[in-house]
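Structural features, examined
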There are 2 protein chains.
Amino acid sequence: MEFNIRSVAEVINNRDDLADDFWGEIISEIRLSDEYSEESFAGIEEFSHLEIFFVFDKAINNKIVSGSEHPRENKDWPKVGIFAQRKKNRPNFIGSTIVELIKKQGKSIFVKNLDAINKTPIIDIKPVMKEFLPTNTIQPQWSVELMKDYWK
Amino acid sequence: MEFNIRSVAEVINNRDDLADDFWGEIISEIRLSDEYSEESFAGIEEFSHLEIFFVFDKAINNKIVSGSEHPRENKDWPKVGIFAQRKKNRPNFIGSTIVELIKKQGKSIFVKNLDAINKTPIIDIKPVMKEFLPTNTIQPQWSVELMKDYWK
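Rules used throughout
Residues numbered from 1 in each chain as written. Chains lettered and ligands numbered in written order. Predicted model: local features only at pLDDT ≥ 70, side-chain atom pairs only at ≥ 80, totals over all residues. Pairing = 2+ DSSP bridges. Helix = DSSP H or I, 4+ residues; strand = E, 2+ residues; numbered from the N terminus. Contact = placed C-beta atoms within 7 Å. Least-squares fit on C-alpha atoms with pLDDT ≥ 70 in both. Buried ≥ 20, exposed ≤ 12 C-beta atoms within 10 Å, placed from the backbone.

1. Examining the pairing of strand S7 (residues 94-105) of chain B
Successive side chains on a regular strand alternate, one facing one side of the sheet and the next facing the other. All names here are of chain B. Looking at chain direction, strand S4 (residues 49-55) and S7 are connected through seven bridges and run antiparallel. Across the sheet, residue isoleucine 52 finds its bridge partner in S7, namely threonine 97. Note: S7 against strand S8 (residues 108-112), five bridges, orientation antiparallel. Note that in S8 the partner of lysine 103 across the bridge is phenylalanine 110. Remark: two residues form the turn of the hairpin made by S7 and S8, two consecutive strands paired antiparallel; glycine 106 in that turn has positive phi of roughly 60°.

2. Quick word on the environment of Lys88(B)
Residue and element names in this part refer to chain B. Relative to the elements of secondary structure, lysine 88 occurs in the loop between strand S6 (80-81) and S7. For the pair lysine 88 and glutamate 38, spaced 50 residues apart in sequence, the C-alpha separation works out to 30 Å. Excluding residues within four positions of it along the chain, lysine 88 makes contact with Phe56, Ala59 and Phe93.

3. A short note on the relation of the copies chain B and chain A
Of the transformation placing chain B onto chain A, the axial shift is 0.0 Å and the rotation is 180°, giving an RMSD of 0.0 Å. The operation mapping one copy onto its partner corresponds to a two-fold rotation axis. If distances are taken from each C-alpha of chain B to the rotation axis, the shortest is found for Asn4(B), at 2.4 Å. In this assembly, 100% of the residues forming the interface of chain B have copies in chain A that are likewise at the interface, indicating an isologous arrangement.

4. What to know about unusual backbone geometry
When glycine is set aside, most residues are seen to have a negative phi, and most peptide bonds are trans. The backbone of Phe93(A) sits at a positive phi, close to 50°, despite the residue not being glycine. C-beta crowding within 10 Å serves as the criterion here: with 19 such atoms nearby, Phe93(A) is assigned to the partly exposed category.

5. Notes on the environment of Asp124(B)
With respect to the element layout, Asp124(B) can be found in strand S9 (residues 121-127). The class of Asp124(B) is buried, set by 25 C-beta atoms lying within 10 Å. Residues Asp124(B) and Ala42(B), spaced 82 residues apart in sequence, show a C-alpha to C-alpha distance of 15 Å. Discounting chain neighbours no more than four positions away, the residues touching Asp124(B) are Arg90(A), Pro91(A), Asn92(A), Ile94(A), Val8(B) and Phe53(B).

By themselves these figures say nothing about function.
As structure tokens, then:
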């Protein structure tokens, strides 16, 4: 089944490079497109965290991985399927990250911990409710190693 | 900016009604489309939780909310913007939920806590890593009340 989606907002930050790590210090502005009003953010400041959905638009012409691969081409880690990793070159090129909301200002929100570069198109924003969060997650060792410098 | 997306899998469960609450007991099968092989799930069983991205396809002809509304039309709760709530009738009609992985079986995975009805198209599946989860979230009282029976 096919669907058309449209960006609802855009990322504005000072990160232009696609390197994998070191996303921790970046503050990003998320500015609504012309067709959305400030009202669509009403009450958002009562949430500490939001989930941001975006498109890896710079990766769209890359090869989509649909089988399995070593994460980051690192042969010390096992080959894992595309749905067992979070890499960019994936079916539909959709990224999602939970961020900390710093402030709302007119048609913009400012957030911390968004791992998306400047001008990335945003396709949805949802508030984080604790009732949707898991407790006691289990994950493989390779993913812990991969994340080591991610938020530094 | 516009993008085309395609479903990668489909939900199979015994939930056909769109009612808001009582999603807790449902086990869902997520079966890959023909174009994806079992290999794209390789290693997924090492994660306890996955995030499932889907399209509220039954809602696509409904009015999109782009301003603010009382959640579930309940006037006891404040009017909040579409990006401060998780309702279906939203720009791009994308849902996302963190589920518990029960087992992998060929081209299917079986999960608990997916709040999507039978035949819902899935557009992505990502593993949950603790490094992407927030601690100490804050949320408004209306959202706690709204979630009271959600997972029952």
